[in-house]
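Structural characterization, general
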Amino acid sequence: VAARRGALGHWLNGRFIQYCGRLSYSIYLTHFVFGLRAINIAYRMLGDSVPACLLATSIGLAITFASAHLMNRFIEEPSIRFAKRVRGYLMPARV
């Protein structure tokens with residue numbers, strides 16, 4: 001159903017998918033450091049039952065997304081703005 005031409009495009013343009021796209025690099029950088037460690041700690045605290053594993057994974061995902069959001073908001077976006085300003089000084093507009 002989602003493979004229909006219009007449905008797939010509509011789904012990919014959804015707010016959550018777009019948000020994940022903006023955070024993708026930050027998620028890549030933070031998932032191991034924060035997410036997997038949180039899963040490991042939660043797993044040791046909660047045990048190895050299926051509900052405990054699901055909860056541990058949910059906690060890891062939440063921590064991954066939270067840390068990626070913070071990294072994107074306070075490091076990545078300001079760095080991009082700074083790079084654009086510096087680029088303007090180093091490479092003046094062509095006439």
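Computed from a predicted model, the values in this text were never measured in an experiment.

Parameters at a glance
Residues numbered from 1 in each chain as written. Predicted model: local features only at pLDDT ≥ 70, side-chain atom pairs only at ≥ 80, totals over all residues. Heavy atoms only, no water. Axes fitted to C-alpha atoms, helices over the stretch in contact; angles between N-to-C directions. Helix = DSSP H or I, 4+ residues; strand = E, 2+ residues; numbered from the N terminus. Parallel < 35°, antiparallel > 145°, perpendicular 65-115°, else oblique. Left-handed = near helix turned anticlockwise from the far one by under 90°. Nonpolar A, V, L, I, M, F, W, Y, C, P; charged D, E, K, R; others polar. Expected span 1.5 Å × (residues − 1). Bend = angle between axes of the 7 residues up to and from the residue. Buried < 20%, exposed > 50% of the residue type's maximum accessible area, 1.4 Å probe, protein only. Contact = heavy atoms within 4.5 Å.

Bringing the packing of helix α2 (residues 15–46) against helix α3 (residues 50–90) into the picture now. If you want to describe how two helices pack, look at the angle between their axes and the distance between the axes. It is at 5 Å that the axes of α2 and α3 come closest, and there the two elements cross at 135 degrees. Between α2 and α3, the crossing angle belongs to the class labelled oblique. Crossing geometry of α2 relative to α3 is assigned as right-handed. Along the lines of polarity and charge, the residues of the contact of α2 with α3 split into 22 nonpolar, 10 polar and 2 charged.

Okay, α2 next. Since the α-helix advances by 3.6 residues per turn, residues separated by three or four positions end up pointing in the same direction. Over its 32 residues, α2 extends only 33 Å from the first C-alpha to the last, a length that falls short of the 46 Å expected when each residue adds 1.5 Å. Residue histidine 31 marks the point of greatest curvature in α2, where the axis turns by about 65 degrees. For α2, the set of buried residues is Cys20, Leu23, Ser26, Ile27, Thr30, Gly35, Ala38 and Ala42. In this structure, the buried side of α2 is in contact with α3. Just past α2, the residue glycine 47 takes up positive phi, approximately 100 degrees.

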